[in-house]
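Residues per chain are reported as follows:
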Amino acid sequence: MSYINFTPLGYLLIFFDIVLYLIGLNVSSTPILLFSTFVMGLYLINLLEIIFQPLNLRVKVQMPLLVRENEYDFIGIYLENDSKIPKGQILINLQNKTPIGGLRGKEKKEIALYFHFKKRGVFSLKNLNLRFTGSLGLLYLSKNYRVNGVSYVYPLFYPLPQEIYLVDGEGNKTSFSFPSVVGEEFHSLRDYQPQDPLKIVAWKASAKKGKLLSKNFEKLKKGSLRVLIDNMVEKKRFYF
């Protein structure tokens, strides 16, 4: 979605120009009317500038793969001007408006934005909004660029309320699974639960599946082998 609007300076100047134009008409002053026309010409120049600015501009993002919940990390934004037409003042609208200056013809620029990852889960950045104000800064054009960025935001530590165990067909416990136990045997993967500690999250598998997965660890019951020897049984003779 793209649209054009006035900047704060543009609103102020257009109001002043309308008042000036009305005064010029009222007093029939040619210099005042010419100055008012000159101001309107600046708006026309700024309009043409911001219409051509977004053309032939490539935008990419580089997201951090893993970020902890409610923390800040850098998002890399890459801009490349594929045309010889220079770009004026550009702002990145991502949480805050960040001015990055302009781009000369065939120029590349890399920007690192400090982003606040507030909620846990998969954070996808599909559209990046850029604002083009041109060199005069009276009007701006807002345009969304399609990008492809994904970050996996893992949660803070949540205590496990109770143990997890496996049962047989009769309801008897056959094994115990403690997600926080170190050194147990890996059993399987399952969907992430809010109470899971960070150490059991399978980050590589989560990145491949596109969702958070946790490891299941199994601790089998220790068994013992008992051999009963009856020494009262008569000895048997073997003949060969």
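Above this text sits the structure in question.
Attention here is on the structure that accompanies the text. What you are looking at is a predicted structure, and each value in this text was computed from that prediction instead of being measured. (Residues numbered from 1 in each chain as written. Predicted model: local features only at pLDDT ≥ 70, side-chain atom pairs only at ≥ 80, totals over all residues. Heavy atoms only, no water.)

### Some details on the pairing of strand E9 (residues 139–154)
Examined bridge by bridge, strand E1 (residues 3–6) and E9 share four bridges and lie antiparallel to one another. Its bridge partner lying in E9, Phe6 is registered against Leu139. Note that strand E3 (residues 66–68) and E9 share three bridges and pair parallel. Each residue of the ladder has a partner; that of Val67, found in E9, is Val153. When strand E8 (residues 121–132) meets E9, the two strands line up antiparallel, connected through eleven bridges. (Pairing = 2+ DSSP bridges. Helix = DSSP H or I, 4+ residues; strand = E, 2+ residues; numbered from the N terminus.)

### Some points on helix H2 (residues 30–52)
Structural remark: α-helix, 3.6 residues per turn; residues separated by three or four positions point the same way. The terminal C-alpha atoms of H2, which comprises 23 residues, lie 33 Å apart, in line with the 33 Å expected from a rise of 1.5 Å per residue. Among the residues of H2, Ser36, Val39, Tyr43, Asn46 and Ile50 are the ones counted as buried. For H2, the secondary structure elements touched by its buried residues are E1, helix H1 (8–27), E8 and E9. (Expected span 1.5 Å × (residues − 1). Buried < 20%, exposed > 50% of the residue type's maximum accessible area, 1.4 Å probe, protein only. Contact = heavy atoms within 4.5 Å.)

### Points about the nonpolar core
Judged by nonpolar contacts, the single largest core of 31 residues is most densely connected at Val59, Ile77, Ile92, Leu94, Leu128 and Leu130. If you list the elements that add at least two residues to this core, you get H2, strand E2 (57–62), strand E4 (71–81), strand E5 (87–94), strand E6 (96–103), strand E7 (108–117), E8 and E9. Per-element accounting of this core gives the leading share, five residues, to E9. (Core = buried A, V, L, I, M, F, W, Y, C linked by side-chain atoms within 4.5 Å.)

Geometry only, nothing functional implied.
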